[in-house]
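Structural overview for review
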Amino acid sequence: MHQYKRSVLFFALASTGLMSLLPLGALAQTTAASSSATDQPASTKSGTPKPVEKLSKIEVIARELTITRIPMRSAYSVSIIGPSAIRFASPMLDVQNLLQRTPSINVRTPAPNGVRTNITFRAFNSGQFSETFAGVPINGVFNAGTTNAASDRNSIPLTLNNIGSVDVYRGINNPAVNSYNSLGGTIAFQPRQPGPEPDASVTMGGGSFSTWFYGVTANTGSIAGVRSLISISHNTSAGWQANSGNRNLNINYSGVLPYADGAGELYAYAIYNTNTGFTPHSLPVPLLQQFGYGYGWPLSWTNSYNKSHVGTYILGDKMQVNKVFSFNARFYAIDKVYNRVSYANPAFIQSATQPYSLPNTPGWYFPYLTQLPYNPAATFPFPVSACVFTGYQTVGCPYIAGIDYHTYMNSAQQTGFIPHFTLNLPHNLVKFGGAYSHTKLFSAEFWYGANPMPLVNGYNDAWYENDTRTLASVFVQDQISLFGGKVHVTPGLKYLYAKTYDEDQVGFFYPIMGALQDTEHFTSPTLGINWRPIRHVSLYAAWGENMKFPNISAYYGNIGESNAAGIPVVVPLNLKPEYVRDFEVGARYEAHGFEGSLNGYRENFTNTFISVTNPVSQLTTTVNGGKSTYSGIELDAQQTLHTTDYGDFSIFGNLSLNKAYFSSSFNYFGTQVNPGMPLANVPRHLANLGVGWKRGSWRANINLHYASSQYLNQLTSGLASAVTIPGYAVTNFAIRDTLDLGMSMLKNVKIALHIDNLFNRHYDVTGFEYTTFAGNPYSSVLMEEPRAYFASATFDF
């Protein structure tokens, strides 16, 4: 009977719309990552009704008003963002910005809908910590980041429409939670779950920057035993920087089918997100001072038009087999396709009359341009007579004719399986499992003097690349309960394996066809201890090691290098993964509506990837070199208050001190790095402060985010320059009233107003140091959202 009910799920889910979202051939990557929520026995999720949790008045208020929660029993540093904070977020807020409300996270978003977002977590960049959805990793397999990696500027796997809560694990954490690339931590997004009864809601709204949005959500209740949630959201905006608008469509499905009297549960999640629009490009500060904060490069000078879609599809089965043994097994698929056409007008490239670097200018010298049939200068003669063309290098102007337009294509298809098992013993909670995944990547760029253009390998491609990567892992961990449950010790061990293959065809960047293959493996130990000496206090300490496999750039950068005789060759790969050792200690206190935590951490980062040249063979390759130290202190607190006359309040705040600097000497692309040199784009101080309020049908909150100054990157070396971006503080406000209309079908209407950047703070948090045509330094930056107003109405049925 149980087998029959499992097979019924696929038909039932198809009838409710899931299978219509699955593209042919899209299957998924996998890892042993799993949040604690997704591995719970089915009977505590949506099988037989779980017992109603008894909460005090203060606890009810706290869950509705607080932005984050602090778990007392964890042996590691953790924050939880609940569904109330997600559903009350600003329409301009994306999932990465939501994380910024927790300690040690800083997010930079220069456009609506999360386009071109950058994020740091304890000073680690987005490729050095992992993000998961329902335990499935959503980081790029080849370039590690979740958003804006590999220059996929609008590839967005998740929006707020898809998530029900978030667990933010700082540091290494235990192997049942962490994933590949979990150096700085793990962000575990939990999916929205279908409700027990049929209902629906419709949201409509708009606001600043010609922004318009709508959303529809429906719970089906139980149909043939299957409960489903279907939601659609759409957001279009012109953006605060001129010529940077985009639109985003997100379709979400969640379905569950309990079986075996609620002991088991089949579940399915499907997300399809598509985004189209223009890239916001960095702007020279002198131009912003001249034309104003909303200025953008004219589209006739330069532009980048992006199209992307990301599909994530998960099918799983979990069951509490008996009182001791339970399992959770997931198959999943991720399909990502990105396409960008960029343009740089030769009439406006950097010159004596236009002194600033123009985005999308491809360059002025490419030694392998002659090896392909496409002859740019002959096909599209350059209109400026001052340019003298010698071979394939121009003299008198820094530009080659016939490469004004560039089509960049990047797609990945991932397949995989994650089985997890749990043994619930009298004094031990043992978790073990494994993972296997296989991912294919295609990447290419083509140049031409017009658009549309031919996209022909061997004719006009700068590169044409096919890659594969197989990832596998196994893990075991044990949570040992001692002294009547006052002490929990959590040792863990994970083995990780990667096999990578890279192949590049002849192109403008590659004089020869070449391929590289490599295997890497690493064993990651962890240990956490939590002690509750008294009821309201917990003390914890943790240690662990984890690693990051090389990005694909470490492979394709070794193809076509010239040896001492000037012959292009493929340089063998010989390097170890980057890895980090994490140490941290902390304390938590919880009583009478107050939650607080204080912790300190130190993460020693080694095996930084750098490129060096062998003095004997003259071959350039990627090797390990250099160390960094990341350390800090994190303070997090919140207080919930219940009053009779003035409503209920929740006050929260956190403060982070993060230091990131090199701790060894090495040479990086000709630049000497010495101990103590800081890393770029890392604010030393981060802080959040906010107040939530509720009285009757009214709800409001106000919160402030502060980031101290940070160093800009040097354009060529990627190291910190001497130029800094000033610190900033941004305040956001929201208020909502729920109107009970007393109608049979229309339950209520929620009217909301959001004011982002309440005090209209003009600030920029991403940029580079450039030089003008005359050789004078200047900064080019991306601007953040100025003051903006958004109003919405949600109709609940």
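What counts, and at which threshold
- Residues numbered from 1 in each chain as written.
- Predicted model: local features only at pLDDT ≥ 70, side-chain atom pairs only at ≥ 80, totals over all residues.
- Heavy atoms only, no water.
- Helix = DSSP H or I, 4+ residues; strand = E, 2+ residues; numbered from the N terminus.
- Buried < 20%, exposed > 50% of the residue type's maximum accessible area, 1.4 Å probe, protein only.
- Contact = heavy atoms within 4.5 Å.
- Areas by Shrake-Rupley, 256 points an atom, 1.4 Å probe, with all protein chains shown as cover.
- Salt bridge = Lys/Arg side-chain N within 4 Å of Asp/Glu carboxyl O.
- Phe/Tyr/Trp six-rings, centres within 6.5 Å; stacked < 30°, edge-to-face > 60°.
- Lys NZ or Arg CZ within 6 Å of the ring centre and 35° of its normal.
- Core = buried A, V, L, I, M, F, W, Y, C linked by side-chain atoms within 4.5 Å.
- Pairing = 2+ DSSP bridges.
- 1 Å grid on protein atoms, 1.4 Å probe; cavity = no way out; pocket = protein on both sides within 12 Å on 5 of 7 lines; lining within 4 Å.
- Points joined across faces, edges and corners; volume = space filled by probe spheres on them.
- Nonpolar A, V, L, I, M, F, W, Y, C, P; charged D, E, K, R; others polar.
- Patch = residues over 30% accessible without salt bridge, like charges linked within 9 Å, V, L, I, M, F, W, Y side chains within 5 Å.
- pLDDT = per-residue confidence, 0-100.
- Polar contact = N/O pair within 3.5 Å; in protein donor to acceptor, adjacent residues only side chain to side chain.

1. Points about the overall build of the protein chain
Across its full length, the protein chain carries seven helices and 43 strands. For the protein chain, the proportion of its 797 residues judged to be buried stands at 58%. The contacts of the protein chain with a sequence gap of at least 6 include a subset with a gap of at least 24, amounting to 70%. Roughly 31,100 Å² of accessible area belongs to the protein chain as shown, and the carbon and sulfur atoms make up 61% of that amount.

2. Brief notes about the pattern of salt bridges
Considering all chains together, one arrives at seven salt bridges under this definition. Members of the salt-bridge network, linked through shared partners, are R122, R170, E584, E603 and E634.

3. Re the packing of aromatic side chains
Scanning the model with the defined rule gives 32 aromatic pairs in all. Within the aromatic cluster, the residues linked to one another by ring pairs are Y338, Y408, W447, W463, F508 and F509. Above the face of the Y267 ring, K318 is positioned so that its terminal group lies 5.3 Å from the ring centre.

4. Remarks on the nonpolar core
Core analysis: the largest hydrophobic core is formed by 32 residues, its most contacted members being L99, F133, I163, V166, I187 and F189. At the level of secondary structure, the elements contributing two or more residues to this core comprise helix 3 (83-87), helix 4 (95-99), strand 3 (105-108), strand 4 (118-121), strand 7 (163-170), strand 8 (185-191), strand 13 (264-278) and strand 16 (325-344). The residues contacting F189, other than those within four sequence positions of it, are V95, L99, E131, T132, F133, A134, I138, L158, I163, S165 and V166. Judged by nonpolar contacts, the second largest core, of 19 residues, contains L496, M547, L575 and Y579.

5. Here's the deal with the sheet that holds strand 8
With mixed pairing, the six strands of this open sheet are ordered in space as 1-2-7-8-5-6. Only two strands of the sheet have a single neighbouring strand rather than two, namely strand 1 (68-69) and strand 6 (136-137). Alignment of strand 5 (residues 130-133) against strand 8, held across four bridges, turns out to be parallel. When the sheet's bridge partners are listed, T132 is paired in strand 8 with A188.

6. Things to note about empty space enclosed by the protein
Considering all chains together, one arrives at 10 cavities of 30 Å³ or more under this definition. Counted as a void, the largest cavity has a volume near 500 Å³. What lines the largest cavity is a set of 33 residues, among which L93, N97, Q100, N732 and E785 lie closest to the centre. Of all the secondary-structure elements, those providing two or more residues to the lining of the largest cavity are helix 3, strand 36 (698-707), strand 39 (728-740) and strand 40 (748-756). Here the lining of the largest cavity gets five residues from one element, more than from any other, and that element is strand 39. In this model, the second largest cavity occupies a volume close to 160 Å³. Forming the walls of the second largest cavity are 18 residues, and the residues nearest its centre are G140, N143, D152, K336 and N410. Among the elements that line the lining of the second largest cavity, the one with the most residues is strand 19 (residues 405-424), at four residues. Considering only residue class, the lining of the second largest cavity consists of six nonpolar, 10 polar and two charged.

7. Notes on the environment of G82
Position of G82 relative to the elements: it lies in the loop between strand 2 (77-81) and helix 3. Here G82 falls in the buried class, since its relative accessible area comes to 8%. A sequence separation of 83 residues divides G82 from S165, and the C-alpha atoms of the two residues are 4.8 Å apart.

8. Quick notes on the pairing of strand 32 (residues 648-662)
Looking down a regular strand, the side chains alternate between one sheet face and the other. Where strand 31 (residues 628-642) and strand 32 come together, 15 bridges link them in antiparallel fashion. By the bridge assignment, Q639 is partnered in strand 32 with I651. Turn length for the strand 31-strand 32 hairpin, with the two strands adjacent in sequence and antiparallel, is five residues, and the turn residue G647 shows positive phi of about 95 degrees. Where strand 32 lies against strand 35 (residues 685-695), 10 bridges are found, and the strand directions are antiparallel. Bridging across to strand 35, N654 finds its partner in N688.

9. Some thoughts on a nonpolar patch on the surface
A cluster of nonpolar residues, M204, Y214, V216 and I232, forms a patch on the protein surface that exposes about 350 Å² of accessible area. Mapped onto the elements, Y214 comes out in strand 10 (residues 211-223). You can call Y214 partly exposed: its relative accessible area is 41%.

10. Things to note about the sheet that holds strand 37 (residues 710-714)
Sheet architecture is open: five strands sit in the order 14-42-41-37-38, paired in mixed fashion. Single-partner strands in this sheet number two, and they are strand 14 (283-284) and strand 38 (720-725). Note: strand 14 against strand 42 (residues 777-783), two bridges, orientation antiparallel. Looking at the pairing, L283 lines up with V781 of strand 42.

11. Focus: the confidence of the model for the protein chain
Taken over all residues, the pLDDT of the protein chain has a mean of 86, while the share at 70 or more is 86%. Segment residues 41-52: pLDDT under 50, and 26 contacts once partners within four positions in sequence are set aside and those in other chains are kept. Low confidence marks residues 614-619, where pLDDT is under 50. Its contacts with residues over four positions away, or in another chain, come to 13 contacts.

12. Quick word on the environment of P491
You can see P491 is positioned in strand 22 (residues 487-504). Through-space distance from the C-alpha of P491 to that of A542 is 9.7 Å; in sequence the pair is 51 residues apart. For P491, the residues in contact, after removing those within four places along its chain, are V476, Q477, D478, I480, T526 and L527.

13. Concerning unusual backbone geometry
Between N451 and P452 the backbone carries a cis peptide bond, its omega angle lying at 5 degrees. Tracing the backbone shows P452 in the loop between strand 20 (428-448) and strand 21 (461-482). Positive phi is not limited to glycine here, since N113 has a value of about 65 degrees. By the element assignment, N113 lies in the loop between strand 3 and strand 4. A relative accessible area of 13% places N113 in the buried class. Despite not being glycine, N243 has its phi angle at roughly 65 degrees, a positive value. Structurally, the position occupied by N243 is in the loop between strand 11 (226-237) and strand 12 (246-259). Take N243: its relative accessible area is 34%, and that puts it in the partly exposed class.

14. Quick look at the pairing of strand 37
The pairing of strand 37 with strand 38 spans three bridges and is classified as antiparallel. Following the sheet pairing, Q710 is matched in strand 38 by I725. Sheet topology places strand 37 next to strand 41 (residues 764-771); two bridges connect them, and they run parallel. Following the sheet pairing, Q714 is matched in strand 41 by E769.

15. Observations concerning the environment of P426
Take P426: it is sitting in the loop between strand 19 and strand 20. For P426, a relative accessible area of 75% translates into the label exposed.

16. Examining the side chain of D796
In this fold, D796 is placed in strand 43 (residues 788-796). Within the structure, D796 has its side chain in polar contact with the side chain of K750 (distance 2.3 Å). Setting aside residues up to four positions removed in sequence, D796 forms contacts with A200, S201, M745, L746, K747, N748 and K750.

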